[in-house]
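Spelled out from the first residue to the last, the chains are:
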Amino acid sequence: MFSPAAHTLHSSGNNRLVCVALILFAASLPANAASYGSNPAAGHTADVDGIKLYYEIYGTGKPLVLLHGNGGSIADLHFQIDYFRRRRKVIAIDSRGHGLSEMGPGRLTYVRMADDVAALLKSIHSPPADVFGWSDGGIVTLLLALHHPGSVRRIALSGANLSPEALAPADLANMTADLKHAEKELAAGDHSRPWDVVCQQLQLMVTQPHITAADLARIKAPALVMAGEHDLIPDAHTRTIAAELPHARLHIFAGADHGALQEQPDIFNATLEQFFDASP
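1. Remarks on the overall build of the protein
Here is step 1 of the chain: Within the protein, the regular secondary structure consists of 10 helices and 8 strands.
Here is step 2 of the chain: Relative to its full complement of 280 residues, the protein shows a buried share of 56%.
Here is step 3 of the chain: Considering only residue pairs separated by 6 or more positions, the protein has 74% of its internal contacts joining residues 24 or more positions apart.
Here is step 4 of the chain: Working note: accessible area of the protein is about 11,100 Å², and carbon and sulfur atoms make up 56% of it.

2. Re the packing of helix H5 (residues 169-187) against helix H6 (residues 195-207)
Here is step 1 of the chain: Contact pair H5 / H6: the axes reach a minimum separation of 9 Å and the direction vectors enclose 155°. One element, H5, and the other, H6, form an angle in the roughly antiparallel class. H5 and H6 meet at a crossing whose hand is left-handed. Here Leu172, Met175, Thr176, Asp178, Leu179, His181, Ala182, Glu183, Glu185 and Leu186 of H5 lie close against H6, whose contacting residues are Trp195, Asp196, Val198, Cys199, Leu202, Gln203, Met205 and Val206.
Here is step 2 of the chain: Its residues placed into classes, the contact of H5 with H6 shows 11 nonpolar, 3 polar and 4 charged.

3. Structural notes on unusual backbone geometry
Here is step 1 of the chain: Residue Pro209 is bonded to the preceding Gln208 through a cis peptide linkage, with omega at -5°.
Here is step 2 of the chain: You can see Pro209 is positioned in the loop between H6 and helix H7 (213-217).
Here is step 3 of the chain: Here His125, not a glycine, exhibits a phi torsion of approximately 55°, which is positive.
Here is step 4 of the chain: For His125, the position within the fold is in the loop between helix H3 (110-123) and strand S5 (129-134).
Here is step 5 of the chain: His125 sits in the exposed class, given a relative accessible area of 72%.
Here is step 6 of the chain: Not every positive phi belongs to a glycine, and Ser135 is a case in point at roughly 60°.
Here is step 7 of the chain: For Ser135, the position within the fold is in the loop between S5 and helix H4 (136-147).

4. Some details on the side chain of Gln200
Here is step 1 of the chain: Relative to the assigned elements, Gln200 resides in helix H6.
Here is step 2 of the chain: Beyond its immediate chain neighbours, meaning those up to four positions away, Gln200 contacts Met103, Gly106, Arg107 and Leu108.

5. Looking at the nonpolar core
Here is step 1 of the chain: Counting 56 residues, the largest nonpolar core has Val65, Ile93, Leu142 and Ile155 as the members making the most contacts within it.
Here is step 2 of the chain: Leave out the neighbours within four places in its chain, and Ile155 touches Val131, Thr141, Leu142, Ala145, Ile219, Pro222, Ala223, Leu224, Phe275 and Phe276.
Here is step 3 of the chain: Formed by 26 residues, the second largest nonpolar core is a distinct cluster that contains Tyr36, Leu64, Ala256 and Phe275.

6. Considering the sheet that holds S5
Here is step 1 of the chain: One open sheet holds the 8 strands; their spatial order is S1-S2-S4-S3-S5-S6-S7-S8, and the pairing between them is mixed. Strand pairing shows two members of the sheet lacking a second neighbour, strand S1 (43-48) and strand S8 (248-253), which therefore form its edges. In this sheet, neighbouring strand axes are inclined to one another by 20° on average, regardless of whether the strands run parallel or antiparallel.
Here is step 2 of the chain: Where strand S2 (residues 51-58) lies against strand S4 (residues 89-93), 4 bridges are found, and the strand directions are antiparallel. Within S4, the residue paired with Tyr58 across the bridge is Val90.
Here is step 3 of the chain: Seen against the sheet, H3 touches S1, S2, strand S3 (63-67), S4 and S5 and runs at an angle of roughly 110° to S1.
Here is step 4 of the chain: The sheet contacts of helix H8 (residues 235-244) involve strand S6 (152-158), strand S7 (223-228) and S8, and relative to S8 the element is tilted by about 155°.

7. A look at the packing of aromatic side chains
Here is step 1 of the chain: Tallied over the entire structure, the rule returns 5 aromatic pairs.
Here is step 2 of the chain: Measuring from centroid to centroid gives 4.9 Å for Phe253 and Phe268, while their planes differ by 25°, and the two rings are stacked. Pair noted here: Phe253 is in strand S8 and Phe268 is in helix H10 (residues 265-276), with a separation of 15 residues, a long-range link. Across the pair, exposure class does not vary: Phe253 and Phe268 are buried alike.
Here is step 3 of the chain: Ring centres of Phe275 and Phe276 lie 5.4 Å apart, and the angle between their planes is 50°; this geometry places the pair in the tilted category.
Here is step 4 of the chain: Residue classification places Phe276 among the buried residues on the basis of a relative accessible area of 1%.
Here is step 5 of the chain: Here the aromatic residues Phe132, Phe253 and Phe268 are joined through ring pairs into a cluster of three or more.
Here is step 6 of the chain: When the ring centre of Tyr83 is taken as origin, the NZ or CZ atom of Arg87, which lies over that ring, is 3.8 Å away.
Here is step 7 of the chain: One cation-aromatic arrangement involves Arg154 over Phe275; the distance from NZ or CZ to the ring centre is 4.7 Å.

Cut-off values and rules
- Residues numbered from 1 in each chain as written.
- Predicted model: local features only at pLDDT ≥ 70, side-chain atom pairs only at ≥ 80, totals over all residues.
- Heavy atoms only, no water.
- Helix = DSSP H or I, 4+ residues; strand = E, 2+ residues; numbered from the N terminus.
- Buried < 20%, exposed > 50% of the residue type's maximum accessible area, 1.4 Å probe, protein only.
- Contact = heavy atoms within 4.5 Å.
- Areas by Shrake-Rupley, 256 points an atom, 1.4 Å probe, with all protein chains shown as cover.
- Axes fitted to C-alpha atoms, helices over the stretch in contact; angles between N-to-C directions.
- Parallel < 35°, antiparallel > 145°, perpendicular 65-115°, else oblique.
- Left-handed = near helix turned anticlockwise from the far one by under 90°.
- Nonpolar A, V, L, I, M, F, W, Y, C, P; charged D, E, K, R; others polar.
- Core = buried A, V, L, I, M, F, W, Y, C linked by side-chain atoms within 4.5 Å.
- Pairing = 2+ DSSP bridges.
- Phe/Tyr/Trp six-rings, centres within 6.5 Å; stacked < 30°, edge-to-face > 60°.
- Lys NZ or Arg CZ within 6 Å of the ring centre and 35° of its normal.

Below, the structure written as structure tokens:
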């Protein structure tokens, strides 16, 4: 789903916009946050499936992949990068069609985004990695574990969904309205925003993913399924994901919204670290 400041196209007074507005970038940013997502010293590109995929590496040790949400970038994960770079080899990735990564030809899909992550890890000769994905990044994390199980050791996700229909009807309707607005601007030749990219990103959320209970049953990696108490993703849906994964635990952050990783970074990072450091 949405990352902070992403796709607020018109003021519709809906719950989605309220959730997005509650994710506050300006509060207590790490000292290094300004450079995350645009740091030449840490940035790299990999040739993956016809595109240049941008990623940044920080620290040394066991690999930890970080995946942002829809419309966002590496910069959204500033609290996690700042915390884990002192403990792990952090591999933060701009998903296809986001941040500094290219869109490439063809339709943007979550499966392609997961394939990109697997190809990147192979290209840098990474051992199986721990992977954390927020929102749309959580969807990509599930698909990575499903289609490329050898790429992952443990997975964690926050605010992910298995299908568009899992969303509250009003939220899905508002996202669909945003898509129609973006398509209208694109057709009109407006250049105030990259409407072609915005359309692809919005199409992801209103048409995908389609992950089944049978798919989840095939994921053997230990999993941590998280969400905010007041998350954009309905609580029952988050609990269903945890229940259907064979080796999952559930954590709900009290008082938090969709952006629990930024609203409560200390407890969020400690929860992630405890899970990833567990054996095996």
